[in-house]
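Next come the chains, spelled out residue by residue.
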Amino acid sequence: MGASPLMSIGLRAMAASYASMQTTSHNIANASVAGYSRQEAQLATSAGQYTGAGFFGKGVDVTTVTRAHDEFLTRAAATATSLSAMDAARQDRLSQLESVFPTGEGGLGYTVNQFLNSMSDLASRPGDSATRQTVLANAQNVATMFNSASNQLDSIQAGVSSDLRTSVSQVNGLANSIAQVNQQIAALNGLGQAPNDLLDQRDQLINQLSSLVQVSTVPADDGSLGVFISGGQRLVLGNQAAQLQVTQDADDPSRSAIALNDNGTLRQMDSGTLGGGSIAGLLRFQNDDLVQGRNLIGQLAAAVGSAVNQQQMLGVSLQQPLGGVASKPLFAIGAPQAVPATTNTKDGSGAYVASVALTVTDASALTAANYELRADPGGADGVYQLTRLSTPPLVMSIASGDVVDGMRIDISDPPPSATDRFLLKPVAQAAAGMAALLQDPRDLAAASPLTATATSTNTGTAAIASLTMNSLPPEAAGTAQISFTGDSGDYTWQLVDDDNNVLSSGTGTWQAGQPIPTPPDDINGFSLNLAGVPRDGDTLTVAPTQAAYIATNNGNALALTSLRDAALVGKATLADGSTSGGVTATDAYASALADIGVRVQTANTAAKTSAAMASQAGDAASAVSGVNLDEEAARLIQFQQSYQAAAKVLQIAQSIFETLLQTTSS
Amino acid sequence: MSMRITSAKAYETSIGNLQSRQQDLADAQNKLTSGKRVTVASDDPVAAARAERALAAMVRSEADQRALEASRNVTTQTESALGDAGELMQQAREAVINAGNGSYSDSDRATLATSLKGIRDQLLAIANRTDGAGTYLFGGQGTQAPPFVDTPAGVVYQGAGGQTMVPSSESLPMTVDGGQTWLQAPNPVDGQPALSVFSVLDGIIGDLRTPGRGGDAIKATVSTGLSNVDAVAANLLAARTTAGSTLNRTDSLENQISATKLAAQTERSNAEDLDMVQAISDFQNQQSGYDAALKTYATVQHLSLFQYLSA
């Protein structure tokens, strides 16, 4: 036995220590590189040499370089990143949406209140043109505020679409990079050693991709990794990457959607199956939060605008000839929309075969929701399935011409095909289309078409408390005379024309707190409330307001003022078609504000929670694969010492060899 | 086995923590400087909705107050107009009494008639008074301009009976029913038609201007005249009393409106304003937290094994 095994052991030990120091240095060099996994030179004891005296060790071998990596933790971190990115994207956009619903004096509620309150000033000075001008200016303000809210919503929508385009081009870039790395990895597959740095690079790309869209991965035999999105849609397979594209949503072209370009065929992805990622967050915001925000504003615009218009048109303006000009509406309101899906059946010229028309019948019953209309799933003729896209959705069966939630739905003939879909948006454009129509202060209808008087010789205490118009008087020149025939409130009434011809007549019983006539009875469209109690023989007269008195009559201004307390938003439609409930404009805005506020609050909490979870998952993964510089410093010393010891072995081997030479030479 | 702290991640986490503490500090400062706990709805959706309703109530109180001022302004003038009318009626009463003086000649009575005519014209002017902004005090539910006009048949009221009301926290009158006040005084003689201020005076003036009437006829004119003048004066006084009590009601309504407004202001403030003591204490807490985070960061980042390894 000579010195050569010793020399060989020393040399291999030096090489092994050097390899370890090399990986440690590589670790130190890459400590700050995102996605880098700590590497380790794997050493193995060389098989012993058999002799008659047993096995003698031959030293150490470097078998391979491994990366510290846990597949499960890495994937878990990527998924957690997806969810966190989704929540963060939605939270970010929701706080923008919240700015469309400011609190206090900057809010829509305040503006609407100011406008309705100025009707009280109009009631105090019905003939004053300065007061009328103020009312018109306030009406203009209401329209401008609704328009600007709608513009803000549009620009949020534009921001979402533009973010989607940027995100999608990032996804496409990352998918291409993953495909390339796949190719490089596959090429090195035959070498039998793991290309650690390439694997890190691919994991990092997948991690970046995960923050945009949640992915699942399936490894292939050649070392490449298949990347799938939206529950199994192929994004990367081997060295081939598919491309995503931003398109118009088939159901609502005003919204953006994501489609997978499959060899030239665009397949729209269902936003619900995308899972996590900022793209899913943006789509969820766009399809849910933004729609809700727009509808809440639209519902308020439609309800307030219509209620004011309706009351204004029951009154009499100061236009000449006084009392002879029909009053004009104060506001224009954006029309309801029925949007055909882009996939609906088209005729030869590319026009849709079927169409749907919406008409608002009662703005106070409109809901802040969209609806989906399609043919009856059972295939019944003339029957359609209408789904209110609220939470939870409400499915109804309707026919053409039916009135649902304050709107009439007319369906064309030829009817929609079995696969046709329509998105009904009763209020989405109400705020955008709002405009104050009146320029001339005289157009404000402060006067009531009728004036009620209690005869001066009455013996009871009954005075006129209020006279409200339910409709324009069917007999414009008719005078109603109401005569009490007893002390218990029984009365007879007759409606006479100019020449005292009786047009209609009837009887009724007045009850304290109830109007005359008792609904649903009607006398020339009015509803009269008394203060005090009438006695037998007392008479009341409800006559057309004389032209000369119109400038000083404030009957309709009082009715407009009372809209402050009227439940004019979001009445519920009952089974018999009547409506009940509803809230005032103030309450409607306050609850819209709270609705959006709760969404933001929830999104903030969700974002915080999922960010913490993502950070934890990231910590867990990096605890396995990350570099700790103190650890590397310790290892460096360890391997340095090993190297020094190995060098000593070599030195001794050399010294032995020299001793041998000297001995033989002497 | 303890968890491995990754150096790069440790830096990242520390920086992240510093940033979030800085953000908290900025938020606390923002709240302190704005004085509001709720600046956006998501700060506290329930409180934001409460504050919104309270704000509506505040603005409503202001509108109610404006309507009340309008009514009070008109009613004050009405009350004073009816006061003026009362004094004139008193003068008319004295003139009628004087007319009964047995030593008076036809021409003396004609002079009294002239002075009564003057009083009557002043009363007509009062009945047609406006509030200075175009509203006729006795305009009822709408009138021609002016509501009272002389016609061959005497003074008539061209307007709708009743009152125009304004919407304050309760309905308040903007006008008085002119016909009722001036032309519809209850007749002291049962079963006789109601009396008009102007017909009563016109009747007396006509009698006094008629020459050569006997003592009994004059006595009858004076006695009926006096009783009629008293009846219409009492009716005017009743209207004045009503105006006075309306003013009283207005005052108590005003108190009520300001109480409502104050309650709404308090409600809004409770809902969205900051508790300053709490906020300052929170701010100081966050300040010390940030300070501590900065100090530990500086200390911990100096610790590294490499420092102890000499070359």
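Residues numbered from 1 in each chain as written. Chains lettered and ligands numbered in written order. Predicted model: local features only at pLDDT ≥ 70, side-chain atom pairs only at ≥ 80, totals over all residues. Heavy atoms only, no water.

Draft legend 1. The arrangement of the overall build of chain A in detail. Helices and strands together make up the secondary structure of chain A, namely nine helices and 30 strands. Over its C-alpha atoms chain A spans a radius of gyration of 41 Å, topping by over 25% the 26 Å that the globule rule assigns to 666 residues. Each principal axis of the C-alpha atoms in chain A carries an extent, and together these give about 160 × 55 × 45 Å. By the burial criterion, 47% of the 666 residues in chain A qualify as buried. (Helix = DSSP H or I, 4+ residues; strand = E, 2+ residues; numbered from the N terminus. Rg over C-alpha atoms; globule rule 2.2 N^0.38 Å. Buried < 20%, exposed > 50% of the residue type's maximum accessible area, 1.4 Å probe, protein only.)

Draft legend 2. Inspection of the packing of aromatic side chains at higher detail. This model, assessed by the stated rule, comprises nine aromatic pairs over all chains. With centroids separated by 5.9 Å and ring planes inclined at 70°, the aromatic side chains of Phe484(A) and Tyr491(A) adopt a geometry described as edge-to-face. Residue Phe484(A) shares its accessibility class with Tyr491(A), and that shared class is buried. Both rings, one in Trp182(B) and one in Phe198(B), keep their centres 5.9 Å apart while their planes meet at 15°; by these two values the pair is stacked. Taken as a pair, Trp182(B) in helix α4 (residues 178-183) and Phe198(B) in helix α5 (residues 197-209) lie far apart in primary sequence, 16 residues in all. Neither residue differs from the other here; Trp182(B) and Phe198(B) are each classed as buried. Of the aromatic side chains, those joined through ring pairs into one cluster are Phe138(B), Phe148(B), Tyr157(B), Trp182(B) and Phe198(B). (Phe/Tyr/Trp six-rings, centres within 6.5 Å; stacked < 30°, edge-to-face > 60°.)

Draft legend 3. Quick look at the pattern of salt bridges. Considering all chains together, one arrives at 50 salt bridges over all chains under this definition. A salt bridge links Arg125(A) to Asp131(B); its shortest N-O distance comes to 3.0 Å. Here Arg125(A) is found in the loop between α3 (108-124) and α4 (129-188), whereas its partner Asp131(B) is found in the loop between α3 (106-127) and β1 (143-151) on a different chain. Side by side, Arg125(A) and Asp131(B) carry an identical accessibility label, which is buried. (Salt bridge = Lys/Arg side-chain N within 4 Å of Asp/Glu carboxyl O.)

Draft legend 4. Spotlight on the packing of α5(B) against helix α6 (residues 215-272) of chain B. All names here are of chain B. In contact at an axis separation of 9 Å, α5 and α6 are set at 160° when each is read in the N-to-C sense. The angle between α5 and α6 places the two elements in the roughly antiparallel class. In this structure, α5 crosses over α6, and the sense of that crossing is left-handed. Seen from α5, the contacting residues are Val197, Val200, Leu201, Ile204 and Asp207; seen from α6, they are Thr221, Gly225, Asn228, Val229, Val232 and Leu236. (Axes fitted to C-alpha atoms, helices over the stretch in contact; angles between N-to-C directions. Parallel < 35°, antiparallel > 145°, perpendicular 65-115°, else oblique. Left-handed = near helix turned anticlockwise from the far one by under 90°. Contact = heavy atoms within 4.5 Å.)

Draft legend 5. The arrangement of the sheet that holds strand β9 (residues 243-248) of chain A in detail. Residue and element names in this part refer to chain A. One open sheet accounts for three strands, arranged β9-β10-β11; its pairing is antiparallel. The outermost strands of the open sheet, each flanked by one partner alone, are β9 and β11 (265-268). On average, each strand axis in the sheet is inclined to that of its neighbour by 40°, with strand direction left out of account. In terms of strand pairing, β9 meets strand β10 (residues 256-262) through six bridges, oriented antiparallel. (Pairing = 2+ DSSP bridges.)

Draft legend 6. Examining the interface of chain B and chain A more closely. Across the boundary between the two partners, chain B contributes 51 residues, which contact 57 residues of chain A. Taken together, the two surfaces of chain B and chain A that pack against each other cover about 4,400 Å², and 54% of this comes from carbon and sulfur. The largest contributions to the chain B side of the interface with chain A come from Arg4(B), Glu52(B) and Arg60(B), which together make up 15% of the buried area. Where chain B touches chain A, the interface holds eight salt bridges. One can count 21 residue pairs in polar contact (both at pLDDT 80 or more) joining chain B with chain A. (Buried area = accessible area lost by both parts, 1.4 Å probe. Polar contact = N/O pair within 3.5 Å; in protein donor to acceptor, adjacent residues only side chain to side chain.)

Draft legend 7. Representation of the pairing of strand β25 (residues 490-496) of chain A in the model. All names here are of chain A. Sheet analysis places strand β24 (residues 479-484) next to β25, joined by six bridges and oriented antiparallel. Pairing of Gln481 across the sheet is with Gln494, part of β25. The loop that links β24 with its antiparallel partner β25 comprises five residues; one of these, Gly489, has a positive phi angle of about 100°. As paired elements, β25 and strand β26 (residues 502-509) share seven bridges and run antiparallel to each other. Each bridged residue has a counterpart across the sheet, and for Val496 the counterpart in β26 is Val502. Linking β25 back to β26 in an antiparallel pair, the connection comprises five residues, with Asn500 at a positive phi of about 65°.

Draft legend 8. Examining the side chain of Thr246(B) more closely. Locating Thr246(B) in the fold gives a position in helix α6. If sequence neighbours within four positions are ignored, Thr246(B) has contacts with Thr75(B) and Pro173(B).

Draft legend 9. Local environment of the domain arrangement of chain A. Annotation of chain A at the domain level lists domain 1 (4-68 + 628-665), domain 2 (74-104 + 150-287 + 588-617) and domain 3 (450-544). The C-alpha-based centres of domain 1 of chain A and domain 3 of chain A are spaced at 113 Å. (Domains from an automatic or database assignment.)

Draft legend 10. Local environment of the sheet that holds strand β16 (residues 384-388) of chain A. Residue and element names in this part refer to chain A. Strand order across the open sheet formed by five strands is β13-β20-β15-β16-β17, with antiparallel pairing between neighbours. Two strands bound the open sheet, and with one partner strand each, they are β13 (337-340) and β17 (394-398). Averaged over all adjacent pairs, the angle separating strand axes in this sheet is 25°, with direction ignored. Looking at chain direction, β13 and strand β20 (residues 421-425) are connected through four bridges and run antiparallel. Considered in β20, the bridge of Ala338 is made with Leu424.

Draft legend 11. Region of the structure containing the environment of Asn248(B). By the secondary structure assignment, Asn248(B) is in helix α6. For the pair Asn248(B) and Arg72(B), spaced 176 residues apart in the sequence, the C-alpha separation amounts to 9.7 Å.

Draft legend 12. Geometry of a nonpolar patch on the surface. A cluster of nonpolar side chains, namely Leu6(A), Ile652(A) and Ile656(A), defines an oily patch on the protein surface of about 230 Å² accessible area. Residue position: Ile652(A) is located in helix α9 (residues 629-665). (Patch = residues over 30% accessible without salt bridge, like charges linked within 9 Å, V, L, I, M, F, W, Y side chains within 5 Å. Areas by Shrake-Rupley, 256 points an atom, 1.4 Å probe, with all protein chains shown as cover.)

Draft legend 13. Highlighting helix α2 (residues 71-98) of chain A. The terminal C-alpha atoms of α2(A) lie 41 Å apart, and with 28 residues this matches the ideal 40 Å at 1.5 Å per residue to within 8%. The N-terminus of α2(A) is capped by Asp70(A), whose side-chain oxygen sits 2.9 Å from the backbone nitrogen of Phe72(A). (Expected span 1.5 Å × (residues − 1).)

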